[in-house]
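Architecture at a glance
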Amino acid sequence: MADTDIRTRIFGTLLTAMVTPFTADGDVDYDAAGKLAAKLVDDGCDGLVVTGTTGETSTLTDEENLGMFKAVLDAVGGRAKVIAGTGTNDTRHSVSLSRRAAEIGVDGLLLVTPYYNKPSQAGVQAHFETIASATDLPVMLYDIPGRSGIPIATETMLRLAEHPNIVGLKDAKADFGAVSVVLAKTDLAVYSGDDGLTLPWMAAGALGVVSVTAHVATQQFRALVDAGLAGDFAAARKVHFELEPAIRGIMTRVQGAVAAKQVLKWQGVLPNSVVRLPLVEPGEAELALIRNDLAEAGMDFA
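Quantities reported herein were computed from a predicted structural model and do not represent experimental measurements. (Residues numbered from 1 in each chain as written. Predicted model: local features only at pLDDT ≥ 70, side-chain atom pairs only at ≥ 80, totals over all residues. Heavy atoms only, no water.)

Right, let's get into the UniProt feature "active site" (unreviewed entry) in the protein chain. UniProt records the feature "active site" (unreviewed entry) for Tyr142 and Lys170 in the present numbering. Judged by maximum C-alpha separation, these annotated positions cover 29 residues in sequence but sit close together in space, the widest gap being only 4.7 Å. Restricting the annotated residues to those that line the largest pocket leaves Tyr142. When you line up the elements, Tyr142 lands in strand β5 (residues 139–143). (UniProt positions renumbered as here; feature names shortened; annotations may be inferred. 1 Å grid on protein atoms, 1.4 Å probe; cavity = no way out; pocket = protein on both sides within 12 Å on 5 of 7 lines; lining within 4 Å. Helix = DSSP H or I, 4+ residues; strand = E, 2+ residues; numbered from the N terminus.)

With that settled, consider the sheet that holds strand β4 (residues 108–112). Pairing in this closed barrel of eight strands is parallel, and the strands run β1-β2-β3-β4-β5-β6-β7-β8 around the ring. The sheet shows a mean angle of 25 degrees between the axes of neighbouring strands, direction not considered. For strand β6 (residues 166–171) and strand β7 (residues 189–192), the ladder comprises four bridges, and the chain directions are parallel. By the bridge assignment for β7, Gly168 is matched with Ala189. Against the sheet, helix α5 (residues 121–132) makes contact with β4, β5 and β6, and its axis sits at roughly 160 degrees relative to β4, the strand it touches most. (Pairing = 2+ DSSP bridges. Axes fitted to C-alpha atoms, helices over the stretch in contact; angles between N-to-C directions. Contact = heavy atoms within 4.5 Å.)

A few words now on the nonpolar core. One finds Met18, Leu48, Val106, Leu141 and Phe221 to be the most contacted residues of the largest nonpolar core, which totals 98 residues. Discounting residues that sit within four places of it in the chain, Leu141 has contacts with Leu110, Leu111, Phe128, Ile152, Met157, Leu160, Ile166, Gly168, Leu169 and Lys170. (Core = buried A, V, L, I, M, F, W, Y, C linked by side-chain atoms within 4.5 Å. Buried < 20%, exposed > 50% of the residue type's maximum accessible area, 1.4 Å probe, protein only.)

With 15 residues, helix α3 (residues 62–76) extends 21 Å from end C-alpha to end C-alpha; this agrees with the ideal 21 Å at 1.5 Å per step. Of the positions making up α3, those classed as buried are Glu64, Asn65, Leu66, Gly67, Met68, Phe69, Ala71, Val72, Leu73 and Val76. On its buried face, α3 is in contact with α2 (30–42), β2 (47–50), β3 (81–85) and α4 (91–104). Following α3 by one or two positions, Gly78 has its phi on the positive side, about 95 degrees. (Expected span 1.5 Å × (residues − 1).)

Our next topic: helix α11 (residues 233–251). With 19 residues, α11 extends just 24 Å between its outermost C-alpha atoms, more than 12% less than the 27 Å of an ideal straight helix rising 1.5 Å per residue. A bend of about 40 degrees at Leu243 is the largest found in α11, and the proline Pro245 appears one to four places after it. Within the sequence span of α11, burial applies to Ala236, Val239, His240, Leu243, Pro245, Ala246, Ile247, Gly249 and Ile250. Buried residues in α11 make contact with α9 (198–203), α10 (218–229), α12 (256–266) and α13 (284–296). (Bend = angle between axes of the 7 residues up to and from the residue.)

For the structure shown, the criterion picks out one cavity of 30 Å³ or more. The computed volume of the largest cavity comes to approximately 40 Å³. In terms of lining, the largest cavity is formed by Asp143, Ile152, Ala153, Thr154, Met157, Leu169, Asp171, Lys173, Ala178, Val179 and Val182. If you tally residues by element for the lining of the largest cavity, the top one is helix α8 (residues 176–185), at three residues. (Points joined across faces, edges and corners; volume = space filled by probe spheres on them.)

Under the feature "binding site: pyruvate" (unreviewed entry), the UniProt entry names Thr54 and Val210. Taken along the chain, the residues just named run across 157 residues; in space they keep tight, none of their C-alpha pairs more than 10.7 Å apart. Set against the second largest pocket, the annotated residues named above that line it are Thr54 and Val210. Within the element layout of this structure, Thr54 appears in the loop between β2 and α3. Assessed through its relative accessible area of 8%, Thr54 is described here as buried. Among the secondary structure elements, Val210 is positioned in strand β8 (residues 208–211). Residue Val210 is classed as buried on the basis of its relative accessible area, which comes to 1%.

Right, let's talk about unusual backbone geometry for a bit. In the segment running from Leu277 into Pro278, the intervening peptide bond is cis, with an omega of 15 degrees. Position of Pro278 relative to the elements: it lies in the loop between α12 and α13. A positive phi angle, close to 55 degrees, is found at Glu56, a residue other than glycine.

Okay, here's the thing in structure tokens:
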């Protein structure tokens, strides 16, 4: 296992998977994005993932993705790592977008498993290695079979970890046995990709979390991650239980980006909760559930 201090400096330890703010007309609101990024870093994030799943990347143009990278870099560059979501299901497209992101100056890349195509594991490996070889940036792989349709098999992950630029993993597979093998047999900087699994993943050696709920509970997640890194799992467990209702409200009632934008609007951080189709804003019943969950977590938006 590589030195923890060195590995944490590559991507950070508490990363928010940022939403992409829109104007009331549905255009990307770069000014709001910069302000949100600054707030998240001020509140304790040392990394931001820009235009990942939560950033609605699949409905953004390349120019909008690149505009988001620049806006966040302008706001927090030098204070936190800016990780660009440049993965798609088209290898050549991902290579092009990754190279353009590197030219802008991002600190790393997040590459999701190619979705819809359902390639073999040999194809998954070739896809990631091709993109990772296209720049000198550190790469965090994103294993989320619930969205991509296929997992990155553990054996494939072990082979990918041999690539010099593939140095991180956002694990959203919810398979503790699989992530344990990766932690035991590689030097990858592993992050929980499920907010509610941050505690057990860190107990096994993960460095932190790439979180959606951290939009609205940044300081609590900072406390959880810091306690985990210090080996104080009694303190980490206490924060874990305190966060459970907030995680439930953001991650289980509607899609995470939808819920996060709604709560950020309630908090006055974003001017609206606009999302792009096929996402839609919550209905009244869903809003009530989210309010009740967050009230249980000590956040009252009634």
